[in-house]
Amino acid sequence: MKHTNLFVIITLMAGLLHQNLTGQTHSMPKLEYAYAALEPYIDAQTMEIHYSKHHQAYLNNLNKALAGTKAENLPIEELLVAAERRGATIRNNGGGHYNHSLFWDILSPDAVKTPNGKLAEDIVKTFTSVDSLKKLLNAGATTRFGSGWVWLYVTPDKKLAVCSSPNQDNPIMDANKENRGIPILGIDVWEHAYYLKYQNKRGDYLSAIWNVINWDKVASNYTNALKNPLLKVIEKDAWQELKDFHMVMAQTFHPMEEGKFDPIRTRSGEMYNKAKLLAASKVPASFQSPEITKAINDLVDGSMKLDKLVVKKAKDNKLKESLIKLHDTFHVIQGLCSDDH
Ligand code: MN
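Residues numbered from 1 in each chain as written. Predicted model: local features only at pLDDT ≥ 70, side-chain atom pairs only at ≥ 80, totals over all residues. Heavy atoms only, no water.

## Structural notes on the coordination of the manganese ion
- Protein coordination at the manganese ion: the donors are H50 (NE2), H100 (NE2), D188 (OD) and H192 (NE2), at 1.9 to 2.1 Å from the metal.
- In primary sequence terms, the donor set of the manganese ion follows H-x49-H-x87-D-x3-H. (Donors = N, O, S within 2.8 Å, 3.2 Å for Na, K, Ca; no water.)

## Digging into the side chain of N221
- Tracing the backbone shows N221 in helix 10 (residues 215–226).
- The class for N221 is buried, based on a relative accessible area of 13%.
- In this view, N221 contacts L102, I106 and I184; residues no more than four positions away in its chain are not counted. (Helix = DSSP H or I, 4+ residues; strand = E, 2+ residues; numbered from the N terminus. Buried < 20%, exposed > 50% of the residue type's maximum accessible area, 1.4 Å probe, protein only. Contact = heavy atoms within 4.5 Å.)

## Some words on the pairing of strand 1 (residues 148–154)
- Most of strand 1 sits inside the fold, with 7 of its 7 residues counted as buried.
- By the alternation rule, side chains of strand 1 split into G148, V150, L152 and V154 and W149, W151 and Y153, which are all buried.
- Where strand 1 meets strand 2 (residues 160–166), 7 bridges bridge the pair, whose relative direction is antiparallel. Its bridge partner lying in strand 2, Y153 is registered against A161.
- In this structure, the hairpin formed by strand 1 and strand 2 is closed by a connection of 5 residues, where K158 is found at a positive phi of approximately 65°. (Pairing = 2+ DSSP bridges.)

## Observations concerning helix 15 (residues 316–336)
- With 21 residues, helix 15 should reach 30 Å at 1.5 Å per residue; the first-to-last C-alpha distance of 30 Å fits that figure.
- All buried positions along helix 15 are accounted for by L319, S322, L323, L326, H327, T329, F330, I333, Q334 and L336.
- The secondary structure elements touched by the buried residues of helix 15 are helix 11 (230–237), helix 12 (240–257), helix 13 (262–280) and helix 14 (290–311). (Expected span 1.5 Å × (residues − 1).)

## Quick notes on the pattern of salt bridges
- Counted according to the given criterion, the structure contains 14 salt bridges.
- Taking the shortest distance from any N to any O, the salt bridge between K243 and D237 comes out at 3.6 Å.
- In this structure K243 comes out as partly exposed when scored by relative accessible area, which is 26%.
- Two residues, D316 and R265, come together in a salt bridge whose shortest N-O distance is 2.7 Å. Here D316, found in helix 15, pairs with R265, found in helix 13; they are 51 residues apart in sequence, far enough to count as distant.
- A relative accessible area of 36% means that D316 is categorised as partly exposed.
- Owing to a relative accessible area of 28%, R265 belongs among the partly exposed residues under this scheme. (Salt bridge = Lys/Arg side-chain N within 4 Å of Asp/Glu carboxyl O.)

## What about the packing of aromatic side chains?
- Evaluated as defined, the whole model comprises 10 aromatic pairs.
- Judged by centre distance (5.5 Å) and plane angle (90°), the ring pair of F103 and W149 falls under edge-to-face. Remark: W149 occurs in strand 1 and F103 occurs in helix 5 (residues 88–106); sequence separation between them is 46 residues. Grouping residues by exposure puts F103 and W149 together as buried.
- Each ring, one from W149 and one from W151, has its centre 5.2 Å from the other, and the planes form 10°; the classification is stacked. (Phe/Tyr/Trp six-rings, centres within 6.5 Å; stacked < 30°, edge-to-face > 60°.)

## Observations concerning a positive patch on the surface
- Together, K305, K308, K312, K318 and K325 make up a region of like positive charge exposed at the surface.
- Those elements giving two or more residues to the positive patch turn out to be helix 14 and helix 15.
- Structurally, K325 is set in helix 15.
- Take K325: its relative accessible area is 60%, and that puts it in the exposed class. (Patch = residues over 30% accessible without salt bridge, like charges linked within 9 Å, V, L, I, M, F, W, Y side chains within 5 Å. Areas by Shrake-Rupley, 256 points an atom, 1.4 Å probe, with all protein chains shown as cover. Lys, Arg positive; Asp, Glu negative; His and termini not counted. Charge placed at Lys NZ, Arg CZ, Asp CG, Glu CD.)

## Overview of the domain arrangement of the protein
- By domain assignment, the protein separates into domain 1 (5–234) and domain 2 (239–336).
- The distance between the C-alpha centroids of domain 1 and domain 2 comes to 38 Å. (Domains from an automatic or database assignment.)

## What to know about the packing of helix 13 against helix 15
- Axis separation between helix 13 and helix 15 bottoms out at 12 Å; the angle between their running directions is 40°. It follows that helix 13 is oblique to helix 15 by the angle criterion. Here helix 13 and helix 15 pass one another in a crossing that is left-handed. Along its contact with helix 13, which presents I264, R265 and M271, the element helix 15 presents D316, L319, L323 and L326.
- A class-by-class count of the residues in the contact of helix 13 with helix 15 yields 5 nonpolar, no polar and 2 charged. (Axes fitted to C-alpha atoms, helices over the stretch in contact; angles between N-to-C directions. Parallel < 35°, antiparallel > 145°, perpendicular 65-115°, else oblique. Left-handed = near helix turned anticlockwise from the far one by under 90°. Nonpolar A, V, L, I, M, F, W, Y, C, P; charged D, E, K, R; others polar.)

## Some remarks on the sheet that holds strand 2
- Reading across from one edge, 2-1-3 is the order of the 3 strands in this open sheet, with antiparallel pairing throughout. Taken across any chain shown, the strands that pair with only one partner, and hence form the sheet edges, are strand 2 and strand 3 (182–188). Put simply, the sheet's adjacent strands are angled 25° from each other on average, direction ignored.
- In the packing of helix 6 (residues 117–127) onto the sheet, contacts are made with strand 1, strand 2 and strand 3, and the angle to strand 2 comes to roughly 80°.

## Things to note about the confidence of the model for the protein
- Looking at the protein as a whole, its pLDDT mean stands at 93, while 92% of the residues score no less than 70.
- A low-confidence stretch, residues 17–21 stays under pLDDT 50, and its non-local contacts, those more than four residues away or across chains, total 4 contacts. (pLDDT = per-residue confidence, 0-100.)

Put into structure tokens, the structure is as follows:
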């Protein structure tokens, strides 16, 4: 082994050790330009406070909240997919860290001011023109009440879309419900992003910021988003009927494993209903296949049989056999929605 390789390995290991000792899982991205570089569109003082105080505070609070937890070493995207379930501290500060990291990265004093290539073509196809896209984004930003962001993002079926979100939410998050995907351009419309220079005139800030948004960076974000496995994770996570079934399964199967049959005896009807709702729901595009259709039908049959056993007051061992079979069927569906498919 070359000495340089050994050196790299030792440095990496020391870095990991340091991370684990200090709980500093996430770190500030380097700002690639000076605070004053975006003048006159964004002033130096706003940039300095925004980056070194606001963003730094989100990061510190995120690392503090994660220290010593099982989620400590998860990549930021994986944290955010389940942001709502992880609670307000992770949601707000994880979102704050992710959103600002993206924001600094698409701003540049040498911004390429118009999109090119595939991004330009797809913008025209989706929004008719770059100008109408900008109008949509500005309208979303202007009408966002209070603090938030406006986004251009890639949907799980690989379309471009626009949305706005409150606070530090973003389209990756489960909290964003109807508008999920991977953001490729985001504009911060918190007052802290513009108040020192523009005061209450959010519209003036929004007109100015296009001078420093680097479309070449947005285009590379687009290319990366289109091939990012996170899209499938989001697509599966956004399948509410699957999540609803999963909930009842988890809350009846695990007690049964411990010998407790009350949950399944009281909830078998609810489980059967959730299976029927799942069967009536639209299977997300990436997961559609004859196999998944069959597995979902099996799930409806299986939960109907289980419910009948409960109604007939069948013995524990009969219920157990039936629930284990149903659980296996559910895992076939889960498997068909995983990364390997
Ligand atoms: Mn901000």
